[in-house]
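Architecture at a glance
Spelled out, the chains give:
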Amino acid sequence: MKLTIDYLREVTLFQGLDDDDLARLALLITDRPYNKGEVVVSAEDPGDALYIVGDGEVKVILSGSGGREIILDSLGPGAFFGEMSLVDGEPRSATVVCTSRCRILRLGRGEFLRSMRSYPSMAINIMTELCVRLRRADEAIGNLALLDVYGRVARFLLELANDEGEETPGGLLVHKLPTQQHIASCIGTSRETVSRTLKEFQNRGLVEVRGRGVVVRSALGAQGLR
Ligand code: CMP
């Protein structure tokens, strides 16, 4: 696909760049399709490029022994990844895997570092996003240390409901609940524990499972976050 200035203008990383800058960048960026499950960067590899999600979704993960994984974040269209090892020269900090068919844009290491020096707004955009991710990581550390597993499941559901829930008389309806394995990998527990916790919330009338979705009642905030 030919990368257009109009397309790059919508990418947060490039906000503040003028059309000439975007035209120069468009010549340096390549893109290619990826299949679901394909790994884009692997933890511990050397960093050779910055990536931007064109279409689809990727997850940023850490893998533990026995196939366990923790999901640090999910990134959709317009989000970038792979900047950390380019900036500090250390190996990749995490693995990034496509969770759907994707189109991923790539800017090589040398071009990325030169662009950061040439375009201060690009460096500021990177720093701003790093702050967002550090705040999220601080919150996740707080949740792990301060909340028990009931609290962590409750907080996951409440944030999901706030982000994408539809108001209904019974509470906020999330149309498609992520899999129990996905929730477990986001909050650092097992699928079985998530299953048990969801059942208990249901028995206590704090959530109502509706097909593939869930209604999150406001009482979950008061009673689930003990
Ligand atoms: P890098 O270390 O080069 O390769 C893995 C990438 O995953 C990393 O750069 C970041 O872009 C991304 N990443 C690492 N940790 C997080 C996190 N906590 N939240 C979101 N993205 C992350």
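I will try to describe carefully the structure that is included in this document. (Residues numbered from 1 in each chain as written. Predicted model: local features only at pLDDT ≥ 70, side-chain atom pairs only at ≥ 80, totals over all residues. Heavy atoms only, no water.)

Under the counting rule described, the total for this entry stands at 16 salt bridges. Its salt-bridge partner being Arg133, residue Glu83 comes within 3.7 Å of it at the nearest N-O pair. With Glu83 in helix H3 (residues 83-88) and Arg133 in helix H5 (residues 120-146), this pair connects stretches of sequence that are 50 residues apart. Taking the relative accessible area as the measure of exposure, Glu83 reaches 2% and is therefore buried. A salt bridge links Glu129 to Arg133; the nearest nitrogen and oxygen atoms lie 2.9 Å apart. Pair noted here: Glu129 and Arg133 are both in helix H5, with a separation of four residues, about one helical turn. The class of Glu129 is partly exposed, set by a relative accessible area of 23%. Overlapping salt bridges bring together Asp6, Arg9 and Asp19 as one network. (Salt bridge = Lys/Arg side-chain N within 4 Å of Asp/Glu carboxyl O. Helix = DSSP H or I, 4+ residues; strand = E, 2+ residues; numbered from the N terminus. Buried < 20%, exposed > 50% of the residue type's maximum accessible area, 1.4 Å probe, protein only.)

A word on the nonpolar core. Ranked by size, the top nonpolar core spans 23 residues in total, and within it Leu13, Phe14 and Phe112 carry the most contacts. Of all the secondary structure elements, the ones that give two or more residues to this core are helix H2 (19-28), strand S3 (49-55), strand S8 (102-108), helix H4 (109-118) and H5. With sequence-adjacent residues up to four places away left out, Phe112 is seen in contact with Leu50, Glu83, Leu86, Val87, Leu107, Met122 and Ile126. Grouped together as the second largest cluster of nonpolar side chains are 20 residues, Ala161, Val174, Ile183 and Leu198 included. (Core = buried A, V, L, I, M, F, W, Y, C linked by side-chain atoms within 4.5 Å. Contact = heavy atoms within 4.5 Å.)

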